[in-house]
Amino acid sequence: MRVNRLSDALGAEVVGIDVSDPATYDFDAVHRAWLAHQVLVFRDQSLAPEDHIAFSRRFGDLEVHLSADHLHPEHSEILLVSTRQENGRYIGAVSAGDYWHSDLSCQRLPTSASLLYALEMPDVGGDTEWADMYAAYETLPAATKARIADLKGVHTFNRMRNPRVHVPEVHNDDAKMRYGERSPDDAIHPIIRTHPETGRKALYVSERFTIGIEGMDDSEAQPLLDELIAHQKRPELIYHHKWTVGDLVIWDNRCTIHYACRGFAPGAIRHLHRTSVIGDVPY
Ligand code: OGA
Ligand code: MN
């Protein structure tokens, strides 16, 4: 197994293993590389849903995603991230990642690892970006670090309560049900979280999910969130991934945020399978 860095910020490709065949790798070495590089890319993989699920389970227990109408019909552990339509409805999450976020930070137990596998890609566009939240924290001005040290962010799934995001056009009709009734309760998480495995501190807010700061008036909280959100997506923190069919990308949501760049033609098919590993309560 070889590990090659992919950017000055974060991300590495792992060469020389077949994810569907545990005999070709040492999981501890993969896990160490993942903690070190935050995002790992495995190219040319040929993964049946069972292979994808089995490998994902090595990272922890899997979550059945709350977007119940976007699950793989035979494997509920797999969320379809897809632009495909069948019988006039989208079979998968079309708008996944349209704003920077850390997966399911809106839950009490957010996702630790996400594993996304590309089955079909448009010729142009459909890239994804990841940003390093260790470096985001470390490069904050000292005064800001001190100011946010004990603050907690309020995270919500409900897009209608977040002025920084839009409801995607495809969900105009079912927005109330999707983002209202079905939203879990808000989650309250420290704005600076400590990674439970590396012990390092990471900035833990995002424009998709963080709508306020616990106990702080919006007149003060919103400008502070604006500052943190602008800081966390600076170009020097980012790895930009151009997908090829057969890529499996694994990222650590406890120390990264990510963004779907889109930019493909209307009607183009972009189809991926995703699993989510249940993480711990952030501290
Ligand atoms: C996700 C996600 C981004 C993309 O699957 O969690 O945000 O580019 N995907 O598909
Ligand atoms: Mn995501």
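About the cut-offs
Residues numbered from 1 in each chain as written. Chains lettered and ligands numbered in written order. Predicted model: local features only at pLDDT ≥ 70, side-chain atom pairs only at ≥ 80, totals over all residues. Heavy atoms only, no water. Helix = DSSP H or I, 4+ residues; strand = E, 2+ residues; numbered from the N terminus. Buried < 20%, exposed > 50% of the residue type's maximum accessible area, 1.4 Å probe, protein only. Contact = heavy atoms within 4.5 Å. Areas by Shrake-Rupley, 256 points an atom, 1.4 Å probe, with all protein chains shown as cover. Lys, Arg positive; Asp, Glu negative; His and termini not counted. Charge placed at Lys NZ, Arg CZ, Asp CG, Glu CD. Pairing = 2+ DSSP bridges. Axes fitted to C-alpha atoms, helices over the stretch in contact; angles between N-to-C directions. Donors = N, O, S within 2.8 Å, 3.2 Å for Na, K, Ca; no water. Near = heavy atom within 4 Å. Polar contact = N/O pair within 3.5 Å; in protein donor to acceptor, adjacent residues only side chain to side chain. Nonpolar A, V, L, I, M, F, W, Y, C, P; charged D, E, K, R; others polar. Salt bridge = Lys/Arg side-chain N within 4 Å of Asp/Glu carboxyl O.

Peer 1: Can you walk me through the overall build of the protein chain in this structure?
Peer 2: In terms of helices and strands, the protein chain carries six helices and 17 strands. A principal-axis box enclosing the C-alpha atoms of the protein chain has dimensions of 50 × 45 × 35 Å. Looking at the 283 residues of the protein chain, the share that counts as buried comes to 57%. Taking the contacts inside the protein chain whose residues are at least 6 apart along the sequence as the reference set, 79% of them involve residues at least 24 apart. As presented, the protein chain carries roughly 12300 Å² of accessible surface, and 48% of it is formed by carbon and sulfur atoms. If you average the places of the 29 positive and of the 42 negative side-chain charges in the protein chain, the two averages end up 3 Å apart.

Peer 1: How do you make sense of the sheet that holds strand β9 (residues 152-155) when you look at a structure like this?
Peer 2: In a beta sheet, neighbouring strands are held together by backbone hydrogen bonds and run either parallel or antiparallel to one another. Across the sheet, three strands lie side by side as β10-β9-β13; this open sheet has antiparallel pairing. Looking along the sheet, the strands with just one partner apiece sit at the ends: β10 (187-190) and β13 (210-213). Between one strand axis and the next, the sheet turns by 35° as a mean value, whatever way the strands run. One ladder, built from four bridges, connects β9 with β10; its direction is antiparallel. By the bridge assignment, K152 is partnered in β10 with P190.

Peer 1: Would you take a moment to explain the pairing of strand β7 (residues 111-120) for this structure?
Peer 2: On any regular strand, side chains alternate: one points to one face of the sheet, the next to the other face. With eight of 10 residues buried, β7 is to be regarded as a mostly interior element. Examined bridge by bridge, β7 and strand β17 (residues 271-278) share seven bridges and lie antiparallel to one another. Residue pairing in the sheet places L116 in a bridge with R274 of β17. Looking at chain direction, β7 and strand β15 (residues 248-252) are connected through five bridges and run antiparallel. Counted as the bridge partner of A113 is D252 from β15.

Peer 1: Help me out: how do you make sense of the coordination of the manganese ion (ligand 2) in this one?
Peer 2: Ideal donor angles around a metal are set by the shape: a four-donor tetrahedron calls for 109.5 degrees, a six-donor octahedron for 90 or 180 degrees. The coordination sphere of the manganese ion (ligand 2) contains the protein donors H101 (NE2), D103 (OD) and H258 (NE2), at a distance range of 2.1 Å. Mapping the donors of the manganese ion (ligand 2) onto the primary sequence gives the spacing H-x1-D-x154-H. Here the residue H101 occupies a position in the loop between β6 (89-90) and β7, and H258 occupies one in strand β16 (residues 256-262), the gap between them amounting to 157 residues. Taking the relative accessible area as the measure of exposure, H258 reaches 5% and is therefore buried.

Peer 1: What's the story with the site of ligand 1 in this structure? I'm lost.
Peer 2: If you check the shell around ligand 1, you find V81, A96, G97, H101, D103, L116, T128, W251, H258, A260, R270 and R274 and nothing else. D103 places a side-chain nitrogen or oxygen 3.1 Å from an oxygen atom of ligand 1. At a separation of 2.5 Å, an oxygen atom of ligand 1 approaches a polar side-chain atom of R274. Alone, ligand 1 offers 290 Å² of accessible surface; in the complex the protein occludes 99% of this. Residues that form the shell around ligand 1 fall into these classes: five nonpolar, four polar and three charged.

Peer 1: What exactly am I supposed to notice about the pattern of salt bridges here?
Peer 2: Between side chains of opposite charge, a pair can form as their charged atoms come close. Throughout the structure, instances matching the rule amount to 14 salt bridges. Note that E236 is salt-bridged to R234, the shortest N-O span being 2.8 Å. The class for E236 is partly exposed, based on a relative accessible area of 49%. We note a salt bridge from R254 to D252, for which the minimum N-O separation is 2.9 Å. Taking the relative accessible area as the measure of exposure, R254 reaches 5% and is therefore buried. Classification of D252 as buried rests on a relative accessible area of 0%. The network of salt bridges with common partners includes E197, D252 and R254.

Peer 1: Would you take a moment to explain the environment of E220 for this structure?
Peer 2: In this fold, E220 is placed in helix α6 (residues 218-232). Each C-alpha atom, one on E220 and one on G279, is 30 Å from the other, the two residues being 59 residues apart in sequence.

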